[in-house]
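Here is what each chain is made of, one letter per residue.
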Number of protein chains: 2
Amino acid sequence: MQENDGFRPLDRQECLRLLTKVPVGRVVYTRQALPTVLPVNFSLDTDSSVLLCTSAASDLVRAIDGAVVAFEVDEFDAVDRSGWSVIVTGRATVVTDPAEHARLTRTGPRPWAATHDGIFVRIEPEILTGRQLAGGRTLYGVDAS
Amino acid sequence: MQENDGFRPLDRQECLRLLTKVPVGRVVYTRQALPTVLPVNFSLDTDSSVLLCTSAASDLVRAIDGAVVAFEVDEFDAVDRSGWSVIVTGRATVVTDPAEHARLTRTGPRPWAATHDGIFVRIEPEILTGRQLAGGRTLYGVDAS
């Protein structure tokens, strides 16, 4: 990232703090050879991995289990032209261990309504990047990373 | 999409209407063989294509010019557990025609601050999909499409 592009890179601790600020993020993956994205609610586990809860029969699970995906959260203010975004990149895996599933049933994300076949998917934070845009004077929409 | 998954599919007109409601969307693409995403401000052109304005020298332009990308917008309410998302999938191309560039300089998206080498990128709406989640009774986080 260029130093004068208006974006300030965020360090790991700032990224992790911001990941707890919003309830919904976006899983970015490949489906039928095309890039695609799905917004989902999520939580952070104690090892900083991203946890989703979804249907075992979903297209999402079939597409991402075992694959490297990106998970993005952001927040922007159009009036101030300010905001931030954080991207977690890492392998997504379905949680299959019964004890781990039981733990996450107590402490993990809850879907926004009940599902009969909910499973947890973990995204490892292998790469964690973020950037913040200060308002007003800076350029938004330029990727100079 | 299953009819009972809590999501209502949106028709083309609803998708286009919602695309005008938010100033920032997310370009989803592949960089160095990994899925990635970049939030950008945008506008809709008169032919319903998505227009971005970014730096000619940016990584984004190098990665997406000529490639099929997804462009996503959404809005969610964590209290109501309601919201919607719209995804445009299509080829991204840098606008090179001088007359078209001049027109977009007048009518297209403006970056959130000045750039010295701004160019426009057009994403064709080859596939336009959207879905809406009603609040309360429905499941969020399940992709049953």
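By the naming in an unreviewed UniProt entry, chain A goes by Pyridoxamine 5'-phosphate oxidase family protein and is assigned to Streptomyces sporangiiformans.

Caption draft 1: Fine view of the overall build of chain A. For chain A, the helix and strand inventory stands at three helices and nine strands. Of the regular secondary structure in chain A, the N- to C-terminal order runs β-α-β-β-β-β-α-β-β-α-β-β. When the 145 residues of chain A are sorted by exposure, 55% land in the buried category. For chain A, the proportion of contacts with a sequence separation of at least 24, taken over those separated by at least 6, is 67%. With an accessible surface of roughly 6,400 Å², chain A has 50% of that area assigned to carbon and sulfur atoms.

Caption draft 2: Examining the packing of aromatic side chains more closely. Residue and element names in this part refer to chain A. Under the counting rule described, the total for this entry stands at two aromatic pairs over all chains. Each ring, one from F42 and one from F71, has its centre 4.8 Å from the other, and the planes form 65 degrees; the classification is edge-to-face. Residue F42 is found in the loop between β3 (34-41) and β4 (43-44), and its partner F71 is found in strand β6 (residues 68-77); the two are separated by 29 residues along the sequence. The buried category is assigned to F42, whose relative accessible area is 10%. Looking at F71, the relative accessible area reads 0%, which means it is buried. If you follow R131 out to its NZ or CZ, it ends over the ring of F7, 3.8 Å from the centre.

Caption draft 3: Highlighting the pattern of salt bridges. Summed over all chains, the structure comprises 26 salt bridges over all chains. Linking A:D45 and A:R122 is a salt bridge whose minimum nitrogen-to-oxygen distance equals 2.9 Å. Of this pair, A:D45 sits in the loop between β4 and β5 (50-55) while A:R122 sits in strand β8 (residues 118-123), and the two are 77 residues apart along the sequence. No difference in accessibility class separates A:D45 from A:R122, as the two residues are buried. Residues participating in the shared-partner salt-bridge network are A:R26, A:E72, A:D74, B:R26, B:E72 and B:D74.

Caption draft 4: Here's a closer look at the side chain of B:S85. Inspection of the secondary structure puts B:S85 in strand β7 (residues 82-94). You can call B:S85 buried: its relative accessible area is 8%.

Caption draft 5: Looking closely at the environment of A:I87. Looking at the secondary structure, you find A:I87 in strand β7 (residues 82-94). Sequence-wise, A:I87 and A:T129 are 42 residues apart; in three dimensions their C-alpha atoms are separated by 5.4 Å. Setting aside residues up to four positions removed in sequence, A:I87 forms contacts with A:A70, A:F71, A:E72, A:I127, A:L128, A:T129, B:T36 and B:V37.

Caption draft 6: Molecular detail of the environment of A:S85. Here the alpha-carbon distance between A:S85 and A:L18, two residues 67 residues apart in the chain, equals 8.4 Å. Beyond its immediate stretch of four places on either side in the chain, A:S85 contacts A:L10, A:E72, A:V73, A:D74, A:F76, A:T129, A:G130, A:R131 and B:P39.

Quick notes on the rules
Every chain's residues receive numbers from 1 upward, in the order its sequence appears when written. Written order decides the labels, with chains lettered from A and ligands numbered from 1. Per-residue local features are limited, in this predicted model, to residues with pLDDT of at least 70; the limit for side-chain atom pairs, both in listing and counting, is 80 or more; totals at the level of whole chains, interfaces and linings are taken over all residues. Values reported for side chains reflect all heavy atoms of the structure, with hydrogen atoms and water molecules removed beforehand. The secondary structure listing takes helices from DSSP runs of H or I that are at least 4 residues long and strands from runs of E that are at least 2 residues long, numbered from the N terminus. Each residue gets one of three labels from its accessible area relative to the maximum for its type: buried under 20%, exposed over 50%, partly exposed in between, using a 1.4 Å probe on protein chains only. Contacts were defined at the residue level, with two residues in contact if any of their heavy atoms lie within 4.5 Å. Areas reported here follow the Shrake-Rupley algorithm with a probe of radius 1.4 Å; residue values treat only the protein chains shown as occluding. Pairing of aromatic side chains requires ring centres within 6.5 Å, counting the rings of Phe and Tyr and the six-membered ring of Trp. Pairs whose planes differ by under 30 degrees are stacked, by over 60 edge-to-face, and all others tilted. Here, a charge over a ring is recorded when the distance from Lys NZ or Arg CZ to the ring centre is within 6 Å and its angle to the ring normal is within 35 degrees. Each salt bridge in this description consists of a side-chain nitrogen of Lys or Arg and a carboxyl oxygen of Asp or Glu lying within 4 Å of one another.

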